[in-house]
Amino acid sequence: MAVTPVIGSLGELLVEFICTETGGRNLRAAPYVGPFPSGAPGIFIDQAARTGGRAVFAGAVGDDAFGQVLRDRLAQSGVAQNLIRVVPGLPTGTAHVSYNRDGSRDFVFNIAHSAAGRFPDGDAAVDAFVAAGVRVLHISGSALGDPDMRGRALAICLGLRARGVAISVDPNIRTELMTDAGYLKVVRRLMGMAAYVLPSDADAALLFPGQGFADWSAALLAGGASVVALKRGADGAVARDARGTVQVAGHSVRAVDPTGAGDCFCGTLVPLLAAGMPLDKALVRANAAGALAVMRLGPMEGNSTPAQIDAFLAGQG
C-alpha cells in the first residue's frame, strides 16, 4: 500500500457533556460527565491521523479551558494545528447529549454562537490546504446547519475541487441543526461532487426515500463518485465502487456510546482508500474501527490505531 496522502477536514470543534441518566432528553437536572473532545469533523480527523499519514484541520476554539482540551487532544494524535484558530471573546463550542432507552439521542448544540463557526475560510483556507499537500478534504453535514458556516464550507470545497482535491462527504444529518431548506440542498450538492459518499442508514432513508442501496449508489457512481459506502451500525456496512459491491457484517460488542462511530468509520475508510487499499480490505478495517468506537464512553475515546484494529480483528476470527 502506498503512503497515505494528506487528509484534511474542516468544521466544528466541540466539547461534549454526556448525561449520566437515561431518558431525560436534556430537560431535567441530572449529572453530566465531560468535557470530552468532540465535533464530527474533529472525530474524523483524529481517527484519520491515527490511521496513518498526515492530517490537517481547519477549525476554531475559544481561548478557554475547553479549547485547550481540544487542541491538546488533536496535537496528541498528530493533527496539524496551524489552521486551528483560537478566538478571544467567544466560548468553545459545546454539545450536551442525553440518551434514551431505545438507544436514540437528544442533542443541544452551541455551534453558531461559539468559536466553532469561525474556522479559516475563503481563498486563504483553500491555499493553506493545498500548500499542506491535502489530497482529500472530508466534510460532515454537521458543519452545515448554520447558513453562514454552510456557505463558507461549500466555497472551500468548490475551491479545493477546482484545484484537484477529492471531496469526501458524510451527510451526518442532525435534525437539531436543520434550520432551513438550504441544509439538505447543500448536502445534496456536495454529494454530487464528491469522490467518497458515506451516508448512514438514517441519512439514506431521508435522502433517498423508497430507494434501495443498489439504485441510489449506482446514481452517485454514474455522477462521478469513486466509492459509495453505507454505514449500518450494528448491521455492518455495504460499499460499492466501479468493480462491484462488497458487504461486511456487524460485530457483536458491548455498545457504551455510539456517538462518533460513524466518524471513526469514515476516518479509517477514507485514508485507506486514498492510499490505494482495495475497497474490500478497507471496508473491513473501517467497520472494525466503528465497532471499537462504541465500546468507550466519549465521542473520541474509542478512536483506534492500526494496531488496535489488527488486535480487534484477530480476536473476532
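Look up: the structure comes first, before these words.
What you are looking at is a predicted structure, and each value in this text was computed from that prediction instead of being measured.

A short note on the overall build of the protein
From N to C terminus, the protein includes 10 helices and 14 strands. Over its C-alpha trace the protein gives a radius of gyration of 18 Å, about what one expects of a compact globule, namely 20 Å for 317 residues. Counting only C-alpha atoms, the protein reaches 50 × 45 × 40 Å along its principal axes. Every one of the 317 residues in the protein was classed for burial, and the buried ones make up 55%. Partitioning the intrachain contacts of the protein with sequence separation of at least 6 by distance along the chain shows that 73% fall at a separation of at least 24. Counting 27 positive and 27 negative side-chain charges, the protein places the averaged centre of each group 4 Å from the other.

Notes on helix α8 (residues 261-274)
For α8, built from 14 residues, the straight-helix expectation of 20 Å at 1.5 Å per residue is met to within 8% by its first-to-last C-alpha distance of 20 Å. Counting buried positions along α8 yields 12 of 14 residues, so the element is predominantly enclosed. Within the sequence span of α8, burial applies to Ala261, Asp263, Cys264, Phe265, Cys266, Gly267, Thr268, Leu269, Val270, Pro271, Leu272 and Leu273. Just downstream of α8 lies Gly276, where phi reads positive at about 100°.

Thoughts on the sheet that holds strand β2 (residues 14-19)
The mixed open sheet is built from 4 strands, whose spatial order is β3-β2-β7-β8. Every other strand in the sheet has two partners, leaving β3 (32-38) and β8 (105-110) as the edge strands with one partner each. Across the sheet, the mean angle separating the axes of adjacent strands is 20° when strand polarity is ignored. As paired elements, β2 and β3 share 5 bridges and run antiparallel to each other.

With respect to the nonpolar core
In this structure, Leu10, Phe129 and Leu190 are the most contacted members of the largest nonpolar core, which totals 49 residues. When neighbours within four sequence positions are excluded, Leu10 is seen to be in contact with Pro41, Phe57, Ala58, Phe119, Phe129, Leu137, His138, Ile139, Ala153 and Ile156. One finds Val61, Val136, Leu269 and Leu272 within the second-largest nonpolar core, a separate group that totals 41 residues.

Cut-offs applied
Residues numbered from 1 in each chain as written. Predicted model: local features only at pLDDT ≥ 70, side-chain atom pairs only at ≥ 80, totals over all residues. Heavy atoms only, no water. Helix = DSSP H or I, 4+ residues; strand = E, 2+ residues; numbered from the N terminus. Rg over C-alpha atoms; globule rule 2.2 N^0.38 Å. Buried < 20%, exposed > 50% of the residue type's maximum accessible area, 1.4 Å probe, protein only. Contact = heavy atoms within 4.5 Å. Lys, Arg positive; Asp, Glu negative; His and termini not counted. Charge placed at Lys NZ, Arg CZ, Asp CG, Glu CD. Expected span 1.5 Å × (residues − 1). Pairing = 2+ DSSP bridges. Axes fitted to C-alpha atoms, helices over the stretch in contact; angles between N-to-C directions. Core = buried A, V, L, I, M, F, W, Y, C linked by side-chain atoms within 4.5 Å.

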